[in-house]
Amino acid sequence: MAMPQTKPAPVATTDIAVSARSVSKTYGETEALRDMTIEFPRGQLTSLLGPSGCGKTTLLKIIAGLLEPNSGTIEVNGKPVTGPGEDRAFVFQDFALLPWASVMRNVAFGLELRGVAKSEREAIAAKYIADVGLKGFEKSFPHELSGGMRQRVGLARALSVNADVLLMDEPFSAVDEQTRRKFQEDLLSLVQNENKTFIFVTHSIEEAVYVSDQIALLLPRPSRVSEIIRPSGLRMKDVDNIRRDPEYLDTVDRIWALLRSYVE
Amino acid sequence: MTLYGYRLPAMSSLILWGLLWEAIGQMEVSFFVPPLSEVIVTLFEVVQTSAFQKALWETAYAFLAGVFFSIVIGIPTGILMGKNRLIDELLLPWVNIFLSVPLTALVPVLMVLFGFGMTSIIITTTLFAIWIIILNARVGVMQINRSLVDMARSFGASPWDAFVKIYFWAALPEILGGVRIGIIRAVKGVIIGQLLISIVGFGALFELYSNNFLMSHFWAVLLVLFALAFSISELLAMLERRVAYYAAKR
Ligand SMILES: Nc1ncnc2c1ncn2[C@@H]1O[C@H](COP(=O)(O)OP(=O)(O)OP(=O)(O)O)[C@@H](O)[C@H]1O
Ligand SMILES: [Mg+2]
């Protein structure tokens, strides 16, 4: 039986898309991240898994350039991050859709802000609206859509700017279980088909093991990486069989054993 | 409203009050209250006089200018206050003070500063309308969903983009609410200005009619003013309803 590797041995040979070096962040008195170092291999999906309040969103926002760390550096494609950039796109937990704009305008909004001409950006947006299965809803408004459909809009918006790195903060936590499973499958094929780097925050151990190439377990505040787990055998498997795979079950158990101590 | 199962048209209660007015007028309780029918007949005469049309024009000019300035200055100021702590702390006490002081007491100061003409009337109108517009725009911006701002920034929005594409629209329901109340206050401001600063426009008409005890003329002009203020307010309420669909869902 192939046990998941603990040491991220192949990382040295793969190309690193995003790296965080000794990143620290405090909010006033609260020390959210302390000396956090972590690397995200290109073309792979890395999950950030850890107890609530440990700084996952903080790290994601620092990578996005929305927050400045107190010390340490983030590099994307070898270039230090100084603010938001075209190489990264964010998918928000609460979708962050413009309630006064149609699905079309929402999906094209990233391109609109980047100054792409209207006809061009709407052509691109139309393609991604179709890709996420929302064809026919171009003229609808967010309040007319279900939670799952709204998150598809958020995803289409992030995809349409064609960024190298997708930052996803608990993107599936506000949708129902069936939709969530469908999203997880879609995400797997997205990782496979698009050569993008995904950084994915989740609370769910099962979800992390199901979708990830690499899982970073974070310690409670002040947060550091406690362990990197690579369920490498699972990525070869057919999506329908993953949840029955012994490696899947073992990895879930192992992560639970590691995290349990913090919950108790 | 329904009565014995019949749907009554909107504002039919006004008919009742109108009848009451007519009855009191017919009983000749006081010469201050002529019958409504007489007032309405006078109204049609009055609106055709050149004095009325001149007054309407002078009032509309001062009113529109005052509303224009209070909107154009008020909305950006309110948005800035909502976005920036420092600006907010500097300005908020003043906004609150001016919102609650009896502005009429300030009018003599304005007369000293800006003279007895149109300028002072326009400034009075602006001062009546602007504070509530500022305050509402500020509240609208402060309740904005942070992740919308993060979203815009993450896609590279410049501060100006964020201002016109996020903050303004997110605060629009509150802004329109503030503009509606501000405009109602501007009607007050323009009339008080016309009465206190220089006797022009409707202020002059009121002065003329009441000095000559032309009560039905007086009421006729007042009715016109009420109707104008009411229509403007309804028009804005209609606009507000157009953005209400997202007001609860930001
Ligand atoms: N703007 C802020 N001001 C002050 N403290 C903050 C702020 N944002 C986050 N924190 C604190 O920093 C810590 C990390 O927050 P963060 O949102 O990154 O956690 P998280 O891992 O994303 O949590 P969750 O899983 O619940 O989303 C928390 O203790 C939080 O209270
Ligand atoms: Mg979070």
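None of the values given here were measured: they were computed from a predicted structure.

Looking now at the interface of chain B and chain A. Listed by partner, the interface residues are 19 residues for chain B and 26 residues for chain A. Overall, the association of chain B and chain A removes approximately 1,900 Å² of surface from exposure, summing both partners, and the carbon and sulfur fraction of that is 68%. Where chain B meets chain A, there are 2 salt bridges. Residue A:Lys61 is joined to B:Asp150 by a salt bridge in which the shortest nitrogen-to-oxygen separation is 3.1 Å. Inspection of the chain B/chain A interface yields 4 residue pairs in polar contact (both at pLDDT 80 or more). Listing elements by their share of the side of chain B that touches chain A, those giving two or more residues are α7 (146–154), α8 (159–196) and α10 (215–247) of chain B. No other element matches the 7 residues that α7(B) contributes to the side of chain B that touches chain A. Its residues placed into classes, the side of chain B that touches chain A shows 10 nonpolar, 3 polar and 6 charged.

Glancing now at the UniProt feature "domain: ABC transmembrane type-1" (unreviewed entry) in chain B. When the UniProt feature table is mapped onto this chain, "domain: ABC transmembrane type-1" (unreviewed entry) is found at residues 56–236 of chain B. Spanning residues 56–236 of chain B, this segment combines 87% helix with 0% strand, and its end C-alpha atoms are found 21 Å apart.

The next point concerns the site of ligand 1. All names here are of chain A. Taken together, 13 residues sit near ligand 1, with Ser52, Lys56, Thr57, Thr58 and His203 positioned nearest. Within the contact set of ligand 1, an oxygen atom lies 2.6 Å away from a side-chain nitrogen or oxygen of Thr57. Protein contacts shield 62% of the accessible area of ligand 1, which totals 630 Å² for the unbound molecule. Broken down by secondary-structure element, the contributors of at least two residues to the shell around ligand 1 are β2 (30–41) and α1 (56–64). In terms of residue count, α1 provides more of the shell around ligand 1 than any other element does, 3 residues in total. A class-by-class count of the residues in the shell around ligand 1 yields 3 nonpolar, 7 polar and 3 charged.

Our next topic: the environment of A:Arg221. Residues and elements named next belong to chain A. With respect to the helices and strands, the residue Arg221 is situated in the loop between β9 (214–218) and β10 (225–229). Residue classification places Arg221 among the partly exposed residues on the basis of a relative accessible area of 47%. Remark: the alpha-carbon pair of Arg221 and Ser22, spanning 199 residues in sequence, is separated by 15 Å. Setting aside anything within four residues of it in sequence, one finds Arg221 in contact with Thr30, Glu31, Ala32, Gly53 and Cys54.

Attention shifts here to a nonpolar patch on the surface. Residue and element names in this part refer to chain B. On the surface, Met11, Leu14, Trp17, Leu20, Ile24, Met27, Val29 and Phe230 cluster together into a nonpolar patch covering about 850 Å² of accessible area. Sorting elements by how many residues they give to the nonpolar patch places helix α1 (residues 13–26) first, with 4 residues. Relative to the assigned elements, Val29 resides in the loop between α1 and α2 (36–46).

By size, the foremost hydrophobic cluster in this structure holds 143 residues, and its most contacted members are A:Val18, A:Ile38, A:Leu48, A:Leu187, A:Ile199, A:Ile255 and B:Phe202. Among the elements that line this core, the one with the most residues is α8(B), at 15 residues. Among the domains, domain 1 (16–87 + 164–262) and domain 2 (98–162) of chain A are the pair contributing at least three residues each to this core. Apart from residues lying up to four places away in sequence, A:Ile255 is in contact with A:Leu49, A:Ile205, A:Val209, A:Ile215, A:Leu217 and A:Ile229. Residues B:Met81, B:Leu127, B:Ile130 and B:Ile192 belong to the second largest nonpolar core, which totals 11 residues.

Thresholds applied
Residues numbered from 1 in each chain as written. Chains lettered and ligands numbered in written order. Predicted model: local features only at pLDDT ≥ 70, side-chain atom pairs only at ≥ 80, totals over all residues. Heavy atoms only, no water. Contact = heavy atoms within 4.5 Å. Buried area = accessible area lost by both parts, 1.4 Å probe. Salt bridge = Lys/Arg side-chain N within 4 Å of Asp/Glu carboxyl O. Polar contact = N/O pair within 3.5 Å; in protein donor to acceptor, adjacent residues only side chain to side chain. Helix = DSSP H or I, 4+ residues; strand = E, 2+ residues; numbered from the N terminus. Nonpolar A, V, L, I, M, F, W, Y, C, P; charged D, E, K, R; others polar. UniProt positions renumbered as here; feature names shortened; annotations may be inferred. Near = heavy atom within 4 Å. Areas by Shrake-Rupley, 256 points an atom, 1.4 Å probe, with all protein chains shown as cover. Buried < 20%, exposed > 50% of the residue type's maximum accessible area, 1.4 Å probe, protein only. Patch = residues over 30% accessible without salt bridge, like charges linked within 9 Å, V, L, I, M, F, W, Y side chains within 5 Å. Core = buried A, V, L, I, M, F, W, Y, C linked by side-chain atoms within 4.5 Å. Domains from an automatic or database assignment.

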